[in-house]
Amino acid sequence: MKSYEEINAKIESKKAVVLTAEEIIGYVEKKGLEAAAKEVDVVTTATFGPMCSSGCFLNFGHSKPRIRMTQAWIDEVEAYCGIAAVDVYLGATQLRRNDPANLSYPGEFRFGGGHVIEKLVKGERLELHAQSYGTDEYPLRELRTWFDIGDLNQAIMVNPRNCYQNYNVAINCSERPLHTYLGLLKPNMQNLTYCSAGQLSPLLNDPLYRTIGIGTSVWLAGARGHVYAEGTQHAPTCARGANDVPTEGAGTLALTANMKEMKAKFVRGVSLVGYGVSLALGVGVPIPILDEETLLYTTVRDRDILAPVIDYSSDYPNRTGKVLCRLSYEELKRGEASVLGRTVEVGSLSSYATALEIAHLLKDEIRRGEFLLSRPSQPLPRVQSMKALAVRKKK
Amino acid sequence: MIVTKKLMLSFPKSETEKPIVYHLVKDYGLVVNIFRARVTPEERGYLVLDVTGTEEDIQRGVQFARGLKVDVNETSVGVAWNAEACTHCGNCLPHCPTDALRIADGATREISFDPRACVECLACLENCPYGACSSLF
């Protein structure tokens, strides 16, 4: 048994033993669980992929004369102004003003909220256009200016849902192509898409949320951030394997961090033809090895994690709940997988290569004594299901 | 010895009505596989193709085309992959028909691009969420 305090003391003295969630598999196999649990202090997990429920709060400071923004656009992408005078929230999936969307199907969606966030983190210059109705103390009614992230008082990323514990594998059983948030699905089950870092993914290495909770320190695109709440749609009550690993979506995390500390490589605007825009983010989460049980969970392998294959032509849009089959991430990573007796080509929207890079970056930061772990101030809910939206009359 | 070469032909406005491919096949005995072409009267055009034949016949065909003031490029690549913009997600893999985009090393799962295998179908341009692939034309 190790405590957070003991692990942090070792990190501060640069003596912590840290391995990635990939390296720990072979390490435990070689050393045995008991010995490895005594030696290893931290296992680093990571993921990189589109996370639509992301965005940021920006504070512009006050112009002279003052304006109370009621509508604002950054590089023609609208930011929400229904908060204080010069605070806005910019969402990742917001389209550019006058984007034809899917009027000419499939739409291209070349630029949107996610791309604005990428440009901000890169330090590029952006255009702000704001309007107002004017008040006695905020008389200015329109403003255009250019700014970069250094001009802002605050740029804080606040993401209501990141790091889905597990995710659907999308396939198309119909006879027409589908343009989805999991990419182009060719007709008649010609290809499928998955989106998870599998054995590297944070919540798959702590399936029952023993160490990851509200207040946990995370690496969000290179910045020191933390889990500020359960993620939206957090639904831990679900089908799980004998290893406690969910075989469907399950848990999620709400994350926040300072965008001024982020690295542009891990904050990338996403364009999905026929679907829309989004933001891909890199997240790393350290798992303290408190005991043998926490260590055992981090040794999960791709072959032990199953994802549900769902038909996005009918079962997903109509929410039938039907699962065609389940595939392990080991099977998915072979490039071809078998679904209903057919061989199907596999694509991914989650980058294992980038996740691996993040797991190593976080490992190095912890080894250098630069990243301390934090004990959650509150656990994530462990019993909770996702409610559906009822469309009903008032009475 | 029979070899296959990828050629990129750029037409001046005035030569777009000449049946160049016909002559390559008929006069020089080349097997032609066209990847993509845009040949519109009154505009500059291009033709990207594989030609298969003896080295000698290919060179004679190239000389013939150059004689018509057609620019023949034997090294240019019509589709480019930007390694910096690529996040190595792998969304392109099932859309690339010739595995020009592929995972070179299963351990790191990084994507690599082999321009020699590319047939310029442009599926990667539409399917890359990060705009990592682009076309010369």
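Participant: Could you clarify how one ought to interpret the overall build of chain B in this entry?
Facilitator: When helices and strands are tallied, chain B shows 3 helices and 8 strands. By residue count, 33% of the 137 residues in chain B fall in the buried class. Once local pairs closer than 6 in sequence are excluded, the contacts in chain B between residues at least 24 apart make up 63%.

Participant: Explain the interface of chain A and chain B here, please?
Facilitator: Contact with chain A, which involves 24 residues of that partner, is made by 16 residues of chain B. Counted by class, the side of chain A that touches chain B contains 11 nonpolar, 11 polar and 2 charged residues.

Participant: Sorry if this is basic, but what is going on with the domain arrangement of chain B here?
Facilitator: The domain boundaries assigned to chain B delineate domain 1 (2-73) and domain 2 (79-135). Domain 1 of chain B and domain 2 of chain B are separated by 27 Å when their C-alpha centres are compared.

Participant: Would you take a moment to explain the environment of T216 of chain A for this structure?
Facilitator: Residue and element names in this part refer to chain A. Take T216: it is sitting in the loop between β13 (191-194) and β14 (217-220). According to the C-beta neighbour criterion, T216 is buried, with 26 such atoms within 10 Å. Residues T216 and Q94, spaced 122 residues apart in sequence, show a C-alpha to C-alpha distance of 29 Å. Sequence-distant contacts of T216, that is, excluding residues within four places in its chain, are made with H226, V227, V285, S374 and P376.

Participant: Sorry if this is basic, but what is going on with the environment of G55 of chain A here?
Facilitator: All names here are of chain A. Mapped onto the fold, G55 is located in strand β3 (residues 55-59). For G55, a count of 23 C-beta atoms within 10 Å corresponds to the buried category. As for G55 and P286, which are separated by 231 residues in sequence, their C-alpha atoms are 23 Å apart. Here G55 is in contact with Y89, L90, G91, A92, G113, V158 and N159, once residues within four sequence places are set aside.

Participant: In this structure, what is going on with the sheet that holds strand β5 (residues 77-79) of chain A? I would like to understand it.
Facilitator: Paired through their backbone hydrogen bonds, the strands of a sheet run either parallel or antiparallel. Residues and elements named next belong to chain A. The 4 strands lie next to each other as β5-β4-β7-β8, forming an open sheet whose pairing is antiparallel. Of all the strands in the sheet, the pair left with one neighbour each is β5 and β8 (142-147). Neighbour-to-neighbour, the strand axes of this sheet turn through a mean angle of 25°, independent of strand direction. Two elements, strand β7 (residues 126-131) and β8, share 6 bridges in a ladder whose sense is antiparallel. Of the residues in β8, the one forming a bridge with Q131 is E142. Together, β4 (71-74), β5 and β7 form the strand contacts of helix α4 (residues 113-122), whose direction differs from that of β7 by roughly 125°.

Participant: What is the right way to look at unusual backbone geometry in this model?
Facilitator: Most of the time, phi is negative for any residue but glycine, and the peptide bond is trans. The step from K64 of chain A to P65 of chain A runs through a cis peptide bond, and the omega angle for that step is -5°. With a phi close to 50°, A101 of chain A is a non-glycine residue in the positive phi region. Position of A101 of chain A relative to the elements: it lies in the loop between β6 (87-91) and α4. Exposure remark for A101 of chain A: the 14 C-beta atoms within 10 Å place this residue in the partly exposed category. With a phi close to 55°, R109 of chain B is a non-glycine residue in the positive phi region. Mapped onto the elements, R109 of chain B comes out in the loop between β6 (101-105) and β7 (110-113). A count of 19 C-beta atoms within 10 Å places R109 of chain B in the partly exposed class.

Participant: Even after reading the chapter, I still don't get the sheet that holds strand β19 (residues 306-311) of chain A, so can you show me in this structure?
Facilitator: Residues and elements named next belong to chain A. As summarised here, the arrangement of the 6 strands in space is β20-β19-β10-β13-β22-β21, forming an open sheet in which the pairing is mixed. Each of the sheet's edge strands pairs with one partner strand only, and the pair in question is β20 (325-328) and β21 (336-339). For this sheet, the mean inter-axis angle between neighbouring strands, taken without regard to orientation, is 35°. Sheet analysis places β19 next to β20, joined by 4 bridges and oriented antiparallel. Among the inter-strand pairings, L306 is bridged to a residue of β20, identified as S328.

Participant: Looking at this structure, I do not really get the nonpolar core. What am I missing?
Facilitator: One recurring pattern in soluble globular proteins: nonpolar side chains tend to sit buried together. Counting 114 residues, the largest nonpolar core has I117, V169, I171, L220, V283 and A355 of chain A as its most contacted members. With residues near it in sequence (within four places) discarded, L220 of chain A still touches M157, G225, L255, A257 and V283 of chain A. L93, C96, C118 and A132 of chain B belong to the second-largest nonpolar core, a separate cluster that totals 16 residues.

Participant: What am I meant to see in the pairing of strand β2 (residues 31-38) of chain B here?
Facilitator: Within a regular strand, side chains alternate between the sheet's two faces. Residue and element names in this part refer to chain B. Pairing analysis gives 7 bridges linking β2 to strand β3 (residues 45-54), with the strands arranged antiparallel. Pairing of N33 across the sheet is with D50, part of β3. Counted between consecutive antiparallel strands, the loop separating β2 from β3 contains 6 residues, among which E42 sits at a positive phi close to 75°.

Participant: Would you take a moment to explain helix α2 (residues 23-31) of chain A for this structure?
Facilitator: Side chains three or four residues apart in an α-helix point the same way, a direct result of the helix having 3.6 residues per turn. Residues and elements named next belong to chain A. For α2, the complete set of buried residues consists of I24, Y27 and V28. Seen end-on, α2 carries its buried residues on one side only, within an arc spanning 95°. Turned more than 90 degrees away from the buried face of α2, the exposed residues are G26, E29 and K30. Where α2 is buried, its residues contact β1 (18-20), α3 (33-39), β2 (42-50) and α5 (292-298).

Participant: Looking at this model, I keep getting lost on the pairing of β7 of chain B. Mind explaining?
Facilitator: Residue and element names in this part refer to chain B. Burial along β7 is one-sided: I111 and F113 are buried, and none of E110 and S112, which face the opposite way, are. Alignment of β6 against β7, held across 4 bridges, turns out to be antiparallel. Residue pairing in the sheet places L101 in a bridge with F113 of β7. Between β6 and β7, which pair antiparallel and follow one another directly, the connecting turn spans 4 residues, one of which, R109, has a positive phi of 55°.

What counts, and where the lines are drawn
- Residues numbered from 1 in each chain as written.
- Chains lettered and ligands numbered in written order.
- Predicted model: local features only at pLDDT ≥ 70, side-chain atom pairs only at ≥ 80, totals over all residues.
- Helix = DSSP H or I, 4+ residues; strand = E, 2+ residues; numbered from the N terminus.
- Buried ≥ 20, exposed ≤ 12 C-beta atoms within 10 Å, placed from the backbone.
- Contact = placed C-beta atoms within 7 Å.
- Nonpolar A, V, L, I, M, F, W, Y, C, P; charged D, E, K, R; others polar.
- Domains from an automatic or database assignment.
- Pairing = 2+ DSSP bridges.
- Axes fitted to C-alpha atoms, helices over the stretch in contact; angles between N-to-C directions.
- Core = buried A, V, L, I, M, F, W, Y, C linked by C-beta atoms within 7 Å.
- Arc of directions from axis to C-beta.

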